[in-house]
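Here is how the chains run, residue by residue.
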Amino acid sequence: MFDLECENIIKRFGAFTAVDGVSLEIPSGSFFSILGPSGCGKTTLMRMIAGFETPNRGDIRLKGKSVVNTPPNKRNVKMVFQHLALFPMMNVGENIAYGLRCRGENKTEITAKVAAMLDRISMPGVQEKQISQLSGGQKQRIAIARCMVLNPDVLLLDEPLGALDLKLREHMKIELKQLQGRFDTTFLYITHDQSEALVMSDNVAVMNAGRFEQIGAPETLYHAPKTAFVAGFVGDSNRWNGIAMMADGDHARVVVADGLEMVVPIGGARPEVGGQVEVFVRPEAMQILAQDADISTAGMNTIEGTVDSLLFNGAASRVLVRTATGLLIEIVHRMDAGQVRVKPGDAVKVGWTHGAGLCFGEGG
Ligand SMILES: Nc1ncnc2c1ncn2[C@@H]1O[C@H](COP(=O)(O)OP(=O)(O)OP(=O)(O)O)[C@@H](O)[C@H]1O
Ligand SMILES: [Mg+2]
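Source: prediction; values computed, not measured.

1. A short note on helix α2 (residues 92-102)
Buried within α2 are the following residues: V92, G93, N95, I96, A97 and L100. Immediately beyond the C-terminal end of α2, within one or two residues, lies G104, with a positive phi of roughly 80 degrees.

2. Observations concerning the sheet that holds strand β5 (residues 65-66)
Read from one edge to the other, the open sheet built from 4 strands follows the order β2-β1-β4-β5, with strand pairing classed as antiparallel. This sheet does not close on itself; its edge strands, each paired only once, are β2 (16-27) and β5. As judged from the 9 bridges shared by strand β1 (residues 2-13) and β2, these two strands associate in the antiparallel manner. When the sheet's bridge partners are listed, F13 is paired in β2 with F16. Strand contacts of helix α1 (residues 42-50): β1, β2 and β4 (57-62), with the helix running at about 120 degrees to β1, the strand carrying the most contacts.

3. Here's the deal with the site of ligand 1
Every residue lining ligand 1 is accounted for by F13, A18, G36, S38, G39, C40, G41, K42, T43, T44 and H192. A per-element tally of the shell around ligand 1 places α1 first, with 3 residues. Grouping the constituent residues of the shell around ligand 1 by class yields 3 nonpolar, 7 polar and 1 charged.

Calculation notes
- Residues numbered from 1 in each chain as written.
- Chains lettered and ligands numbered in written order.
- Predicted model: local features only at pLDDT ≥ 70, side-chain atom pairs only at ≥ 80, totals over all residues.
- Buried ≥ 20, exposed ≤ 12 C-beta atoms within 10 Å, placed from the backbone.
- Helix = DSSP H or I, 4+ residues; strand = E, 2+ residues; numbered from the N terminus.
- Pairing = 2+ DSSP bridges.
- Contact = placed C-beta atoms within 7 Å.
- Axes fitted to C-alpha atoms, helices over the stretch in contact; angles between N-to-C directions.
- Near = placed C-beta within 6 Å.
- Nonpolar A, V, L, I, M, F, W, Y, C, P; charged D, E, K, R; others polar.

Right, dumping it as structure tokens:
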């Protein structure tokens, strides 16, 4: 059973198609994200699900029932907006109670529900606080509580962490995921931040120019992107343009811009020999090989270069290596004892296996 289904949704504004044939199915109680760059149609799609916009074509079903002709207030979905809108004149308790009062529930029941909701978001007893007395993260939790108290089938969240600073966003990512688990309600979350989508979601749809490029679990999108767009948008990669010299089975031999040759798995359709390809190699798939160590590089691609800079960041530390022809390569390299020691200016060799990375032919 799906809480939410969209079938081939199309939305045009004049001659412009903002959402272009999107379909999705979200199983009950799961966390689903739509990830895409600014302007790709995320908010437009969400507004159609909430009922604020009508699709030109396609069907939207909540718990199996079509709602395209149902007004927003009759759909059991709630939306937390990009720029959250708490009522500043009401205190916290009144904000959360608002929707229940509109429904005409009785006062005792409302008081009990508000208190229970504040407990669940770990902010017990703050009914009397003014909105202006809350931190950004607390406001965000109240905005979610105000929706969740109405017990929606699906909670829609439109970039709810956008207004928070980086540190708080990192914290709220984890908190939101835990809240969703506790409520066991289906969350549809939209964001242009790939790390938010990867950390929180059971499934992610990557959206580009009104279409879904790929839907999958975070680890599938990360390790097995189906298009160059997904490979480039999800996670960090070294990214080069090249020419396919040979393609057989599931590997291609590619020459990148400066004459560097490498063997790379083929991501999409097999590229044409002599045709343009884009190559993606994750920084953590590469390693710095000790110059003097006698290790076999059979089955590996290797590049020689000079250490340009060390970017220390604990376990996520990276080294930038510049090749003779000026390519800058990013490599995950922990700078602890036992690792190959490098400093800027050192001549080094970088290696990665033929099984790492992906290439995509033009239009693939
Ligand atoms: N009411 C409208 N009339 C005309 N064009 C619109 C309307 N609403 C959205 N658009 C256009 O549709 C496209 C998608 O907009 P949308 O707000 O869905 O993007 P988004 O993916 O949510 O972007 P962001 O990450 O910046 O919020 C944009 O090019 C936008 O200009
Ligand atoms: Mg938006």
